Amino acid sequence: MSNGKILIADDEPQIRRVLRSALSKQGYIVGDARSGEDALEKIRDERYDLVIMDRNMPGIGGLAACRDIRSSSDVGIIMLTVRKAEEDKIEALDAGADDYITKPFSMPELLARIRANLRRLPVSPQEGPQIVMLDGIEINLGTRHVSVHGRDIRFTPKEFEVLHYLMSNPNVAIPHGKILQAVWGPDYGHEVEYLHVFINQLRKKIEPDPSKPKFILTEPWFGYRLQLPKK
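To keep things clear, this report deals only with the structure shown in the data block.

## With respect to the sheet that holds strand E9 (residues 151-152)
Here's step 1: Strand order in the open sheet made by the 4 strands is E6-E7-E8-E9, with antiparallel pairing throughout. Two strands bound the open sheet, and with one partner strand each, they are strand E6 (131-134) and E9.
Here's step 2: Across 4 bridges, the pairing between E6 and strand E7 (residues 137-140) is antiparallel. Paired with Ile131 across the strands is Asn140, a residue of E7.

## What to know about the packing of aromatic side chains
Here's step 1: Throughout the structure, instances matching the rule amount to 4 aromatic pairs.
Here's step 2: Ring geometry for Trp184 against Tyr194: centres 5.8 Å apart, planes inclined by 75°, an arrangement best described as edge-to-face. You can see Trp184 sitting in the loop between helix H7 (176-183) and helix H8 (192-206) and its partner Tyr194 sitting in helix H8, a full 10 residues away along the chain.
Here's step 3: According to the relative accessible area criterion, Trp184 is buried, its value standing at 0%.
Here's step 4: For Tyr194, a relative accessible area of 2% translates into the label buried.
Here's step 5: When the ring of Trp184 is compared with that of Phe198, the centres are 5.2 Å apart and the planes differ by 75°; the resulting orientation is edge-to-face.

## Topic: the side chain of Thr156
Here's step 1: Following the sequence through the fold, Thr156 ends up in the loop between E9 and helix H6 (157-168).
Here's step 2: Overall, Thr156 belongs to the buried group, its relative accessible area being 6%.
Here's step 3: Residues contacting Thr156, with those up to four places away along its chain left out, are Arg70, Asp74, Asp98, Phe198 and Lys205.

## Points about the nonpolar core
Here's step 1: Core analysis: the biggest nonpolar cluster contains 57 residues, and Met53, Ile139, Leu166, Met167 and Trp184 have the highest contact counts within it.
Here's step 2: Among the elements that line this core, the one with the most residues is H8, at 7 residues.
Here's step 3: Beyond its immediate stretch of four places on either side in the chain, Met167 contacts Val132, Leu134, Ile139, Leu141, Leu226 and Leu228.
Here's step 4: With 15 residues, the next largest nonpolar core counts Val30, Ile78, Leu80 and Ile114 among its residues.

## Observations concerning the packing of helix H2 (residues 36-45) against helix H3 (residues 61-70)
Here's step 1: The contact between H2 and H3 brings their axes to 9 Å, and the two run at 20°. In this view, H2 runs roughly parallel relative to H3, as classed from their interaxial angle. For the element pair H2 and H3, the recorded crossing hand is right-handed. On H3, the residues touching Gly36, Leu40 and Ile43 of H2 are Ala65, Asp68 and Ile69.
Here's step 2: In the contact of H2 with H3, the residues fall into 4 nonpolar, 1 polar and 1 charged.

## Overview of the pairing of strand E1 (residues 5-9)
Here's step 1: Taken across its 5 residues, E1 has 4 buried, putting it largely inside the fold.
Here's step 2: When E1 meets strand E2 (residues 29-33), the two strands line up parallel, connected through 5 bridges. Along E2, the bridge assignment pairs Ile6 with Val30.
Here's step 3: With helix H1 (residues 13-25) bridging E1 and its parallel neighbour E2, the resulting β-α-β unit is right-handed.
Here's step 4: Strand direction decides the pairing type here: E1 and strand E3 (residues 50-54), joined by 4 bridges, are parallel. Paired with Ala9 across the strands is Met53, a residue of E3.

Quick notes on the rules
Residues numbered from 1 in each chain as written. Predicted model: local features only at pLDDT ≥ 70, side-chain atom pairs only at ≥ 80, totals over all residues. Heavy atoms only, no water. Pairing = 2+ DSSP bridges. Helix = DSSP H or I, 4+ residues; strand = E, 2+ residues; numbered from the N terminus. Phe/Tyr/Trp six-rings, centres within 6.5 Å; stacked < 30°, edge-to-face > 60°. Buried < 20%, exposed > 50% of the residue type's maximum accessible area, 1.4 Å probe, protein only. Contact = heavy atoms within 4.5 Å. Core = buried A, V, L, I, M, F, W, Y, C linked by side-chain atoms within 4.5 Å. Axes fitted to C-alpha atoms, helices over the stretch in contact; angles between N-to-C directions. Parallel < 35°, antiparallel > 145°, perpendicular 65-115°, else oblique. Left-handed = near helix turned anticlockwise from the far one by under 90°. Nonpolar A, V, L, I, M, F, W, Y, C, P; charged D, E, K, R; others polar. Right-handed = clockwise from strand over helix to strand, strands pointing away.

Coordinates in, geometry out; function isn't part of it.
See below:
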């Protein structure tokens, strides 16, 4: 039984060969693409659970390919790059990546990132109400469906899992690290820039005025709080 289907998009043949071999040994079904255009074509033709995308590729490049994929697919995306600056991480996450890893990296590190991005938070009735209404916003935690004034809103899996975790702990200030470890996994906890990007995306999708949020509130230097109306 396969652990999942992964597409490796990188213009360096050696990296594609090494990753294909290593991931195949771990039980993953692996495809590869040599450019952003090639990756987009593969994703249109086949279903993948995760894409490992190099940022710097010929043609449209990793960032543009990531944006294109994200416009129509919720497949998990890990961005590979040689850049380490925080603004580069934020740019990759803003483009739609779920995670980010810099070259050179160890195979155990990459495998841990893959497992983290293939995991999904379980949805349990004990975690609070399954359908939440917020001023014209309907959030169904069971079906992962969100509508705003009757209009369906697409969420990536990680976006929804951040929202789901906040919804499961309403009206409570939750530390950055606790959210990261709950959604991404125990190896995370210091990647606060991840949360800044994902919270910003969530606010754009559900807040009446994202610049003045009324639902997803910032707890300065600490974390975030999902404010539900008092009954």
